[in-house]
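Overview (structure and organization)
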Amino acid sequence: MSQLTTDKLHAKTPKQLKAQANVYRSFNYVGTKETIAYLFNDWSNSFNINNFSERFIWDVVKIDFGISAIVNIFTGAWDVINDTVIATLVDNTRTRLGKFRPYLISFQIPLTLIGILYWFIPFFFPNTSPTFVPKLIFFFAFNIITETAGTFTAVAKSGYMSTITPNPNERIKLITLAELLTGWMGEDMPGYIMGFLYDMVSTGRLQVPMRNIFVGMGGATAIISSAFTLWFFMISRERVPQSIERPSVKEGLKAIFTNYPVLLMCLSDFLGGFGVGSNERNYWIDVHGGNSMINTILALVSGISGPVGSISYAFVAPLRKRFSSKAIWVGSDMYGDMVTLFFFLFGFRNKTYLKLKPMLVAYGIREFLGKLLFGVNKVINADLWNEAMDYCEWKHGYRMEATTGVARGLVLKLQGVAMGTVRTLIMKKIGYVQGLKIGTQDEKTKFWLFALCTVVPLVTSALGIIPKFLWPIDKKTRERMYYELSESRKRSISDYMETIEEDAPEPEGATAE
């Protein structure tokens, strides 16, 4: 932002400034077709059976816990190395399609095919032990390949979503609309169907190999979700202009430390990343048997509480009008922790966690209470990162979505390697036996499965809330930031067009006057 523009801004009255900012923020860029594609893309992100990945590795592929921990260390180390290189490449990309779209479009189909291959691992190594060397080598190599290819799309997608509109109000509207509607579009349906089939096969009522269920559900959901994601990337556009000059790696790393909001988010993620836990699905499967009746009740409870979650999106606008992003961010975090603590204390008292009926009642209450701020939490968490990217452009004059995003994840990935290894070893430490008939783990193991999906992650990640109290963008700063950004973007486009006109060759036969 030039000194001239800043002086002009300060010369205006607050009323004039607010009027100009509102004119800018009221303009919509994303049309109906692209909005629909955006919704289906968001829907496709959850249309999978990834919640069963642990069960797949533990009970079907059968990879030893200790060896899995070692694989996590090596793939995590490789992840850290290639992330920096890939992020720099993405941030320096300037093409007719944009900065991010070339990677998102070209990698989508290959990654889908690789993802389907993942579910075929039991067919390549049928009836082998958890320490079968060829299977372990394949598993290690597969993780390296998928991690590398996936980094391109993950890095590009994280930055792309902040560039489809320069209007922060429209961005909030899209996020809210997606979070509100995609739940009603059946994004969780694959999980419910997979839970039913898993139970039918486990109890012998369906005589089909478990590996067939995984490859069928995994492959089908991968193809369907990928098709909608690719459609969105094909018809959407990047509308936030990038600087003509490519920023250096040094500038990107500098922006990480000088961009205070990003620094706070990184610190919050890091402190919260020490959380140790296990998927709650493991608790219902290994403590209560996870039969079809339980899966039906859990789905019914989620369905009943679903409208509450939908209604909660109506709280976003009034809360954002009354409170700062910091207050909403901190408040929703603390509220969620209190709901989880209630669920744990109820189950801990008199070993109620072993009793199905009261725990289903507690689950229903927890879902209802949790959904009261579900929409607010979803929208605010998604938009804060976009706001931090705009802050970087406002302060430094360029956007480094890829490099900044990778830097945010760099420390977390190093931490995640260690914590992922810890989580894997904890399963062995609590006495979990791989391949054991569901519902037959010993009582000590059952307690820790319950604790690992409730109070343990809550306590071990509690420090993550501290940086949230320091968020620097209040409502006044935010209004000023977006007004100055609108002015600088207009000027950048004008300067760019003048440069093109000056460099254009004169038509043949033209004479100077």
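Just so you know, the residues in each chain are numbered from 1, in the order the chain's sequence is written. Given that this is a predicted model, residues contribute local features only at a pLDDT of at least 70 and side-chain atom pairs are listed and counted only at 80 or more, while totals for whole chains, interfaces and linings are drawn from all residues. Side-chain metrics in this entry use all non-hydrogen atoms of the structure; hydrogen atoms and water are not considered.

**A short note on the overall build of the protein chain**
- In terms of regular secondary structure, the protein chain is built from 23 helices and zero strands.
- Between buried and exposed lies partly exposed: a residue is buried under 20% and exposed over 50% of the maximum accessible area for its type, with that area taken using a 1.4 Å probe on protein chains only. The proportion of buried residues among the 513 residues of the protein chain is 48%.
- Contacts spanning at least 24 positions in sequence make up 87% of the contacts within the protein chain whose residues lie at least 6 apart.
- Accessible surface, the protein chain as shown: approximately 24,700 Å² in total, 66% of it carbon and sulfur. Put simply, DSSP marks the helices as runs of H or I at least four residues long and the strands as runs of E at least two long, and each gets a number from the N terminus on. Any pair of residues with heavy atoms lying within 4.5 Å of one another is described as a contacting pair. Computed with a 1.4 Å probe, the accessible areas rest on the Shrake-Rupley method; for each residue, only the protein chains presented here act as cover.

**Some remarks on a nonpolar patch on the surface**
- Only residues whose relative accessible area exceeds 30% and that form no salt bridge are eligible for patches; like-charged ones are grouped when within 9 Å, while nonpolar side chains (Val, Leu, Ile, Met, Phe, Trp, Tyr) are grouped when within 5 Å. By salt bridge we mean one thing: a side-chain nitrogen of Lys or Arg within 4 Å of a carboxyl oxygen of Asp or Glu. A contiguous nonpolar patch, built from F257, Y260, L263, M334, F469 and L470 and spanning about 600 Å² of accessible area, is present on the exposed surface.
- Along the chain, the position of F469 falls in the loop between α22 (455-460) and α23 (475-503).
- Under the relative-accessibility criterion, F469 is labelled partly exposed at 45%.

**Some thoughts on the nonpolar core**
- The term nonpolar core refers to a set of buried residues drawn from Ala, Val, Leu, Ile, Met, Phe, Trp, Tyr and Cys, joined through side-chain atoms within 4.5 Å. In this structure, F56, I57, F214, Y283 and W284 are the most contacted members of the largest nonpolar core, which totals 54 residues.
- Formed by 46 residues, the second largest nonpolar core is a distinct cluster that contains A178, W329, V376 and I380.

**A look at the pattern of salt bridges**
- Under the defined criterion, the tally for this structure stands at twelve salt bridges.
- Measuring nitrogen to oxygen at the nearest pair gives 2.9 Å for the salt bridge that ties E280 to R366. Taken together, the residues E280 in helix α14 (residues 280-288) and R366 in helix α18 (residues 356-371) connect sequence positions 86 residues apart.
- E280 sits in the buried class, given a relative accessible area of 18%.
- Taking the shortest distance from any N to any O, the salt bridge between K371 and E367 comes out at 4.0 Å. Of this pair, K371 and E367 both sit in helix α18, four residues apart, which is roughly one turn of the helix. For the pair K371 and E367, one class covers both residues: buried.

**Things to note about the packing of aromatic side chains**
- Only the six-membered ring of Trp is used, alongside the rings of Phe and Tyr, when aromatic pairs are assigned; centres must lie within 6.5 Å, and planes under 30 degrees apart are stacked while those over 60 apart are edge-to-face, with the rest tilted. Per the counting criterion, the structure on display carries 35 aromatic pairs.
- Ring geometry for F52 versus Y198: centroids 6.0 Å apart, planes at 40°, classification tilted. In this pair, F52 sits in the loop between α3 (32-46) and α4 (53-61) while Y198 sits in helix α10 (residues 189-202), placing the two residues 146 residues apart along the sequence. Considered together, F52 and Y198 belong to a single accessibility category, that of buried residues.
- For the pair F120 and F123, a centre-to-centre distance of 5.6 Å together with 50° between the ring planes defines the contact as tilted.
- Residue classification places F120 among the partly exposed residues on the basis of a relative accessible area of 30%.

**A short note on the environment of L356**
- Summarising the element assignment, L356 is placed in helix α18.
- For L356, a relative accessible area of 22% corresponds to the partly exposed category.
- Residues L356 and G289, 67 residues apart in the sequence, show an inter-C-alpha distance of 9.9 Å.

**A short note on the packing of α3 against helix α9 (residues 168-182)**
- Angles run from 0 to 180 degrees between N-to-C directions of axes, and those axes are lines fitted to C-alpha atoms, restricted for helices to the stretch in contact. Two elements in contact, α3 and α9, have axes separated by 9 Å at closest approach and are oriented at 55°. Considering their axes alone, α3 and α9 lie oblique with respect to each other. In this structure, α3 meets α9 at a crossing whose hand is right-handed. Across the interface between the two elements, T35, Y38, L39, D42 and W43 of α3 pack against L174, I175, L177, A178, E179, L181 and T182 of α9.
- All residues other than Ala, Val, Leu, Ile, Met, Phe, Trp, Tyr, Cys, Pro, Asp, Glu, Lys and Arg, Gly among them, are scored as polar; the first ten of these are nonpolar and the last four charged. For the contact of α3 with α9, a count of residues per class yields eight nonpolar, two polar and two charged. If an angle is under 35 degrees, it is roughly parallel; if it is over 145, roughly antiparallel; if it lies from 65 to 115, roughly perpendicular; otherwise it is oblique. Working rule for handedness: look at the near helix, and if it is turned counterclockwise from the far one by less than a right angle, call the crossing left-handed; if clockwise, right-handed.

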